[in-house]
Amino acid sequence: QVQLVESGGGVVPPGGSLTLSCAASGFTFSSHRMSWYRQVPGHQRDLVAFVQSTGLKHYEDDGQGRYTISRDNAKSTAYLQISRLEPEDTGVYFCNAKSVPWEDGYWGRGTQVTVSS
């Protein structure tokens, strides 16, 4: 059974930082692209960043410099570090795994991040 379980969200003051984790099981983690998406109420899920099975990383423009995506194939876990948090970072962060770019892939249930003083 495929599972993606996100964790690490919470309420964080502006300027703070946190690290989200995505623990995967039930599929060959090392061969999948791992992505993080953010969703706010009333909007679609937007891509934040992904890391290919090769280790190649991509960030959407608004993540440049403050977001760091990584993966640990030995632990079947992907991470997203967010620094200098801004209120605009608030949302539910979802983990996604794809074996090929054009498929929907597997999704986790998300973890809520709220940036508020």
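Here the residue numbering is sequential within each chain, running from 1 through the sequence in written order. Local features in a predicted model are, by the rule used here, given only for residues with pLDDT of at least 70; side-chain atom pairs are given and counted only at 80 or more, and totals for whole chains, interfaces and linings are based on all residues. With hydrogens and water set aside, each side-chain value is computed from the structure's full complement of heavy atoms.

Caption draft 1: Expanded view of the overall build of the chain. For the chain, the count of helices and strands is 0 helices and 11 strands. Reading the secondary structure of the chain in the N-to-C direction produces β-β-β-β-β-β-β-β-β-β-β. The size measure is the radius of gyration over C-alpha atoms, and the globule rule it meets is 2.2 Å times the number of residues to the 0.38 power. Taking 2.2 N^0.38 as the reference for a compact globule, 117 residues should give roughly 13 Å; the C-alpha atoms of the chain span a radius of gyration of 13 Å, in line with that estimate. The principal-axis extent of the C-alpha atoms belonging to the chain is close to 40 × 25 × 25 Å. Per the convention used, a helix needs a DSSP run of H or I reaching at least four residues, while a strand needs a run of E reaching at least two, with both numbered from the N terminus.

Caption draft 2: Expanded view of the state of the cysteines. Two cysteine sulfur atoms form a disulfide, by the criterion used here, when they sit within 2.5 Å. One pass over the structure, following the stated rule, counts 1 disulfide. Through a disulfide, Cys22 is tied to Cys95; the S-S separation comes to 2.0 Å. Here the disulfide of Cys22 and Cys95 is left-handed, its torsion about the S-S bond being about -80°. Here the residue Cys22 occupies a position in strand S3 (residues 18–25), and Cys95 occupies one in strand S9 (residues 91–98), the gap between them amounting to 73 residues. Assigned by exposure class, Cys22 and Cys95 land together as buried. Note on classification: 1.4 Å probe, protein chains only; a residue is buried when its accessible area is under 20% of the maximum for its type, exposed when over 50%, partly exposed between these limits.

Caption draft 3: Spotlight on the nonpolar core. In terms of nonpolar packing, the biggest core is built from 25 residues, with Leu4, Leu20, Met34, Trp36, Leu80, Ile82 and Tyr93 touching the most fellow members. Looking at this core, the elements with two or more residues in it are S3, strand S4 (33–39), strand S5 (46–51), strand S7 (67–72), strand S8 (77–82), S9 and strand S11 (111–115). Should any heavy atoms of two residues lie within 4.5 Å, those residues are considered in contact. When near neighbours in sequence (up to four residues on either side) are disregarded, Met34 contacts Leu4, Cys22, Phe29, Ala49, Phe50, Val51, Ile69, Arg71, Ala78, Cys95, Asn96 and Ala97. What we call a nonpolar core is a set of buried Ala, Val, Leu, Ile, Met, Phe, Trp, Tyr and Cys residues that are connected through their side-chain atoms within 4.5 Å.

Caption draft 4: Seen up close, the pairing of S3. Sheet topology places strand S1 (residues 3–7) next to S3; 5 bridges connect them, and they run antiparallel. Looking across to S3, one finds that Glu6 is bridged to Cys22. What makes two strands pair is DSSP finding at least two bridges between them. Where S3 and S8 come together, 6 bridges link them in antiparallel fashion. Its bridge partner lying in S8, Leu18 is registered against Ile82.

Caption draft 5: Region of interest: the pairing of S8. In terms of strand pairing, S7 meets S8 through 6 bridges, oriented antiparallel. Each bridged residue has a counterpart across the sheet, and for Ile69 the counterpart in S8 is Leu80. Hairpin connection between S7 and S8: a loop of 4 residues separates the two successive antiparallel strands, and Ser76 in this loop has a positive phi of roughly 50°.

Caption draft 6: Just the sheet that holds S1, in detail. Spatial ordering of the open sheet is given by S1-S3-S8-S7, a layout of 4 strands whose pairing is antiparallel. Looking at the sheet topology across the chains shown, the edges are occupied by S1 and S7. Here the strands of the sheet are splayed against their neighbours by 15° on average, with no regard to which way each runs. With axes taken as lines fitted to C-alpha atoms, and helix axes fitted only over the stretch in contact, angles between N-to-C directions fall between 0 and 180 degrees.

Caption draft 7: Expanded view of the packing of aromatic side chains. For Phe, Tyr and Trp, where Trp contributes only its six-membered ring, two rings pair if their centres lie within 6.5 Å, and the inter-plane angle classes them as stacked under 30 degrees, edge-to-face over 60, or tilted in between. Here the structure, examined in full by the defined rule, presents 2 aromatic pairs. A centroid spacing of 5.1 Å and a plane angle of 45° characterise the contact between Phe27 and Tyr106, whose relative ring orientation is tilted. In this pair, Phe27 sits in the loop between S3 and S4 while Tyr106 sits in strand S10 (residues 106–107), placing the two residues 79 residues apart along the sequence. For Tyr106, a relative accessible area of 32% gives the class partly exposed. It is Arg71 that lies over the ring of Phe29; its NZ or CZ is 4.7 Å from the centre. Any Lys NZ or Arg CZ found within 6 Å of a ring centre and within 35 degrees of that ring's normal is scored as a charge over the ring.

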